[in-house]
Amino acid sequence: QVQLVESGGGLVQPGESLRLSCAASGTIFGINTMAWYHQAPGKGRELVALINSSGYTNYRDSVKGRFTISRDNTKNTVYLEMNSLKSEDTAIYYCYLIQRGIQYWGKGTLVTVSS
């Protein structure tokens, strides 16, 4: 079994930064992909960024140049550095891991961008 616990969400003003963390525990295999999704009010869950165990990354267009995903394989932790935050980034951010075809989700952390 795998557990994912997110942290780092909060209320910030437009233009500010936040760093989200997600720690994975349980049986973690060396080959996996971790990602961040977000779900804004009234919308579906969308992929924000992903990183695989080789370090390959991919981002949704709206966050390219502002967000950076990274991971520490020794700590089984993935991070999302979010800069130049906009009101449209307001959402619940979920951590995601897939390994050996099995998907796991965290419970989410709320990010609110408002003046």
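All values reported here derive from a predicted model rather than from experimental measurement.

Details of the overall build of the protein chain
Here is step 1 of the chain: Within the protein chain one finds zero helices and 11 strands.
Here is step 2 of the chain: Ordered by position from N to C terminus, the α and β elements of the protein chain give β-β-β-β-β-β-β-β-β-β-β.
Here is step 3 of the chain: Taken over 115 residues, the protein chain has a buried fraction of 40%.
Here is step 4 of the chain: Residue pairs at least 24 apart in sequence account for 51% of intrachain contacts in the protein chain once pairs closer than 6 positions are excluded.
Here is step 5 of the chain: Here the protein chain displays about 6,100 Å² of accessible surface, and carbon together with sulfur accounts for 48% of that area.
Here is step 6 of the chain: Here the protein chain carries 11 positive and 8 negative side-chain charges, and the mean point of each set is 7 Å from the other.

Some thoughts on the layout of surface pockets
Here is step 1 of the chain: The computed volume of the largest pocket comes to approximately 180 Å³.
Here is step 2 of the chain: The wall of the largest pocket is formed by His-38, Ala-40, Lys-43, Glu-46, Arg-60, Ser-62, Arg-66, Lys-86, Glu-88 and Asp-89.

Looking at the state of the cysteines
Here is step 1 of the chain: Summed over all chains, the structure comprises one disulfide.
Here is step 2 of the chain: Paired through a disulfide, Cys-22 and Cys-95 show a sulfur-sulfur distance of 2.0 Å. Here the S-S torsion is close to -85 degrees, and the disulfide linking Cys-22 with Cys-95 is therefore left-handed. With Cys-22 in strand β3 (residues 18–26) and Cys-95 in strand β9 (residues 91–99), this residue pair connects regions lying 73 residues apart in the sequence. Cys-95 shares its class with Cys-22; the two are buried.

Thresholds, definitions, all that
- Residues numbered from 1 in each chain as written.
- Predicted model: local features only at pLDDT ≥ 70, side-chain atom pairs only at ≥ 80, totals over all residues.
- Heavy atoms only, no water.
- Helix = DSSP H or I, 4+ residues; strand = E, 2+ residues; numbered from the N terminus.
- Buried < 20%, exposed > 50% of the residue type's maximum accessible area, 1.4 Å probe, protein only.
- Contact = heavy atoms within 4.5 Å.
- Areas by Shrake-Rupley, 256 points an atom, 1.4 Å probe, with all protein chains shown as cover.
- Lys, Arg positive; Asp, Glu negative; His and termini not counted.
- Charge placed at Lys NZ, Arg CZ, Asp CG, Glu CD.
- 1 Å grid on protein atoms, 1.4 Å probe; cavity = no way out; pocket = protein on both sides within 12 Å on 5 of 7 lines; lining within 4 Å.
- Points joined across faces, edges and corners; volume = space filled by probe spheres on them.
- Disulfide = S-S within 2.5 Å.

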